[in-house]
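Structural description and commentary
Okay, here's what each chain looks like letter by letter:
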Amino acid sequence: EKATLWNADEQLNICLLSPIPRSKSQGLKARIRVMILKISGGNVIRFVHKHISFQTNATCIQSLLNATCRVTVTKREMVTLIVATTSDPASINPAAALLAMPGWTAGPILSPDIKSFTNQQTRVIQHDKSIVREDDLDLRWEEATGEAVDEVIFLSRHTAVSNRPALTVHPIGVLHLKEGESPPQGGKPGWAALTSPRIGPWFRLLKKMAEAHNLVPEFEITLEGTHHGPITSKPTMFLEIGLGLGGGEAVGNWNSETGKRKVLLGIGGGHYAPRHMDIVLKDDIWVGHLLSGYSIPMEEPKPGESDIGGTWRQSIKAAFEATKASFPGGEILAHLDQKSFKGWQRKAITDFLAEENINVGKPNDFT
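This structure is a prediction, so every number in the text was calculated from the model and none was measured. (Residues numbered from 1 in each chain as written. Predicted model: local features only at pLDDT ≥ 70, side-chain atom pairs only at ≥ 80, totals over all residues. Heavy atoms only, no water.)

All right, on to the confidence of the model for the protein chain then. Model confidence for the protein chain is summarised by a mean pLDDT of 78, while 72% of its residues fall at 70 or above. Every residue in residues 1-62 scores below 50 in pLDDT, and together they form 133 contacts with partners more than four places removed in sequence or on other chains. Confidence drops under pLDDT 50 across residues 242-249; counting only partners more than four residues distant or on other chains, this segment forms eleven contacts. (pLDDT = per-residue confidence, 0-100. Contact = heavy atoms within 4.5 Å.)

So, on to the nonpolar core. Membership of the largest hydrophobic core comes to 30 residues, with the highest contact counts inside it found for Val169, Leu223, Met237, Leu239 and Leu264. Excluding anything up to four places from it in sequence, Leu239 contacts Ile153, Phe154, Leu155, Ser156, Thr168, Val169 and Trp202. Judged by nonpolar contacts, the second largest core, of 27 residues, contains Ala192, Trp254, Leu265 and Phe327. (Core = buried A, V, L, I, M, F, W, Y, C linked by side-chain atoms within 4.5 Å. Buried < 20%, exposed > 50% of the residue type's maximum accessible area, 1.4 Å probe, protein only.)

Moving on to helix H2 (residues 89-99). Those residues of H2 that sit buried are Ser91, Ile92, Pro94, Ala95, Leu98 and Leu99. Looking straight down H2, one finds its buried side chains confined to an arc of 165 degrees; they lie on one side. (Helix = DSSP H or I, 4+ residues; strand = E, 2+ residues; numbered from the N terminus. Arc of directions from axis to C-beta.)

Let us now look at the sheet that holds strand E15 (residues 236-239). Pairing between the strands of a sheet is mediated by backbone hydrogen bonds and can be parallel or antiparallel. Overall, mixed pairing links the eight strands, which are arranged E7-E8-E9-E6-E10-E15-E11-E14 in an open sheet. Strands at the two margins of the open sheet, each flanked by one partner only, are strand E7 (105-106) and strand E14 (220-223). Here strand E6 (residues 78-85) pairs with strand E10 (residues 148-155) via six bridges, running parallel. The residue bridging Ile82 from the neighbouring strand is Ile153, located in E10. Against the sheet, H2 touches E6, strand E8 (115-119), strand E9 (122-127) and E10, its axis set at about 135 degrees to E6. (Pairing = 2+ DSSP bridges. Axes fitted to C-alpha atoms, helices over the stretch in contact; angles between N-to-C directions.)

Right, let's talk about the packing of aromatic side chains for a bit. All chains considered together, the criterion is met by three aromatic pairs. Here Phe154 and Phe238 contribute two aromatic rings whose centre-to-centre distance is 4.9 Å and whose plane-to-plane angle is 15 degrees, an arrangement assigned as stacked. Remark: Phe238 occurs in strand E15 and Phe154 occurs in strand E10; sequence separation between them is 84 residues. Note on accessibility: Phe154 and Phe238 belong to one class, buried. (Phe/Tyr/Trp six-rings, centres within 6.5 Å; stacked < 30°, edge-to-face > 60°.)

This is the structure in structure tokens:
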């Protein structure tokens, strides 16, 4: 059996993977949520309820409910993974500035030949491929080191048609593509990464720092809509500027029990999400996925027809589910860039949000 910790408290929730026989020739692995209680200095495990249902041999599971047994639990260290690529000066230069700070030591080599560096709970890894195409680095790190990755931060350059210098933060995913389509910049069709709770707080901090160093208006400080890869499994964000993690109070740690719990799910507007950004500049607003217009393609129905084609439903649903998973206990509010939609589009989206029980928030609802 394998046990993975969920919460490192006196009372711990874990997920236990246990083999349940289906027949003499087959085996079925069942996932059960359990609770660990501290009793007499030892770890005692009690089966509380099934995590998922089973169509066969449910009695095998029932027999474990309320059973108690002793188990050894090993806590894994949680680390932040920062990713840079040597193929991009705008990526490797901020990483080099970070590594110039005291406390860094060489870490393990990640296959095939990816260097790493460690400093307390932070890990920097450097590869030589495109920043958007080296998939599953978080899972590969966990498998290679035994550490648990808490979040992934990518350092990358920013390019824009306007050629105006910009410092940006954004979530990643390619939610609007259909199965079988090839994403031009990594990821996979219909996929949305978990969003990092740091996006909103770091965006506000980035803007204050830029103003303090007189970078504005030469530089545009902005959010970007959800786009591109690579594939990750942990909360992820792209930061297109170098920003140190050491020293001072942690910025962007999510805790549903303290502070404000409202999370913005942006729908509509341009790539730089100006109307969503106006709300995110308010203190204590958290940022989920930001769906620009190109991420919610809608096909206007023909006369006499009512169905609106396109992958817009898929995009909205994937964005909501990923945002909800990123902010457990948070109040997810969809914010629509009203002026970016035609009437029939706006009605279709609001009707779909209502069907999916996704609440819609106006600007004043985020105060």
